[in-house]
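Here is how the chains run, residue by residue.
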Amino acid sequence: MHQPYFRNGKNSNVAFLFVHGILSSPRHFDWLIQQIPEDYAISNILLAGHGGNVEDFSRANMQQWKNQFECALTELKKSYRSIIVVGHSLGALLALHASTRHKSISGMLLLNPPLQPQLMPSMMWRSIRFAFDKVHLDDPNDISCFGFTDLQKGIISQHLDSLVTTIISLKS
């Protein structure tokens, strides 16, 4: 269910690197990946400790996540000239961190970067439930705080084509 995803690009020098946030998985981007033209490569990584159970998550750490991001970026750089990083929450922070050192990052789409953390009671309650394996990942009500609203998805989808075109034209 929670697996990394890779797709080779067809006749393109552009690749997208998707990086999910804490308590999420590559599935978080399913709705967005469907809108990326087949010409572009996609690497959608699964961060260590995610997609499993609480014990797996408790053994993971920030350095592992940074290393995974760096490895994925390094692999894409071997075959693609332009890399667009799409990061959600923690993934956005990893993208920002890497962008200071890698010129191969042509652009970034940062979704919900936690630059000013805010604790909401519903998020705290769901996090506690997650810690005790009480969150049902198939129930949209249980994971609503971990995902995007339909309005957010609509806005992102509406501007995706122009965003990609702009990033690629600026890089050229």
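The structure displayed is predicted, hence computed values, not measured ones.

### Looking at the overall build of the protein
Okay, so step 1: Assigned secondary structure in the protein consists of seven helices and five strands.
Okay, so step 2: For the protein, the α and β elements follow one another from N to C terminus as β-β-α-β-α-α-β-α-β-α-α-α.
Okay, so step 3: Expressed as a percentage of its 172 residues, the buried residues of the protein come to 40%.
Okay, so step 4: Sequence-distant contacts in the protein: of pairs separated by 6 or more residues, those separated by 24 or more amount to 68%.
Okay, so step 5: Of the roughly 9,800 Å² of accessible surface on the protein, a fraction of 55% belongs to carbon and sulfur atoms.

### Points about unusual backbone geometry
Okay, so step 1: In this model, Leu23 sits at a positive phi of 65°, which is unusual for a non-glycine residue.
Okay, so step 2: Its location among the elements puts Leu23 in the loop between strand E2 (14-19) and helix H1 (30-33).
Okay, so step 3: Phi angles above zero are rare outside glycine, and Asn112 is one such case at about 55°.
Okay, so step 4: For Asn112, the location among the structural elements is in the loop between strand E5 (105-111) and helix H5 (121-131).

### Remarks on the confidence of the model for the protein
Okay, so step 1: Residues at a pLDDT of 70 or more form 66% of the protein, whose mean pLDDT is 79.
Okay, so step 2: When pLDDT is averaged over each element of the protein, strand E3 (residues 41-45) comes out on top at 96 and helix H6 (residues 140-143) at the bottom at 48.
Okay, so step 3: Taken together, the stretch residues 142-146 has pLDDT below 50 and engages in 16 contacts with residues farther than four places along the chain or on a different chain.

### Concerning the pattern of salt bridges
Okay, so step 1: Considering all chains together, one arrives at five salt bridges under this definition.
Okay, so step 2: The closest approach of N and O atoms between Arg27 and Asp30, which form a salt bridge, is 2.7 Å.
Okay, so step 3: Taking the relative accessible area as the measure of exposure, Arg27 reaches 43% and is therefore partly exposed.
Okay, so step 4: For Arg59, the salt bridge identified is with Asp56, shortest N-O distance 2.9 Å. Of this pair, Arg59 and Asp56 both sit in helix H2 (residues 54-59), three residues apart, roughly one helical turn.

### Side note on the nonpolar core
One recurring pattern in soluble globular proteins: nonpolar side chains tend to sit buried together.
Okay, so step 1: Within the largest apolar cluster, 20 residues are counted, with the highest numbers of intra-cluster contacts made by Leu17, Val19, Leu47, Phe69, Leu73, Val85 and Leu94.
Okay, so step 2: Those elements giving two or more residues to this core turn out to be E2, E3, helix H3 (62-79), strand E4 (82-88) and helix H4 (90-99).
Okay, so step 3: Broken down by element, the residue count for this core peaks at five residues, all from H3.
Okay, so step 4: With residues up to four places along the chain from it excluded, the contact list for Val19 reads Phe29, Ile45, Leu47, Phe69, Val86, Gly87, His88, Gly91 and Leu94.
Okay, so step 5: Membership of the second largest hydrophobic core comes to 14 residues, among which are Val14, Phe16, Leu32 and Ile33.

### Quick look at the sheet that holds E5
Paired through backbone hydrogen bonds, the strands of a sheet run either parallel or antiparallel to each other.
Okay, so step 1: One open sheet holds the five strands; their spatial order is E1-E3-E2-E4-E5, and the pairing between them is mixed. The open sheet is flanked by strand E1 (5-7) and E5, the only strands paired with a single partner. For this sheet the average axis-to-axis angle between neighbouring strands, irrespective of direction, equals 15°.

What counts, and where the lines are drawn
Residues numbered from 1 in each chain as written. Predicted model: local features only at pLDDT ≥ 70, side-chain atom pairs only at ≥ 80, totals over all residues. Heavy atoms only, no water. Helix = DSSP H or I, 4+ residues; strand = E, 2+ residues; numbered from the N terminus. Buried < 20%, exposed > 50% of the residue type's maximum accessible area, 1.4 Å probe, protein only. Contact = heavy atoms within 4.5 Å. Areas by Shrake-Rupley, 256 points an atom, 1.4 Å probe, with all protein chains shown as cover. pLDDT = per-residue confidence, 0-100. Salt bridge = Lys/Arg side-chain N within 4 Å of Asp/Glu carboxyl O. Core = buried A, V, L, I, M, F, W, Y, C linked by side-chain atoms within 4.5 Å. Pairing = 2+ DSSP bridges. Axes fitted to C-alpha atoms, helices over the stretch in contact; angles between N-to-C directions.

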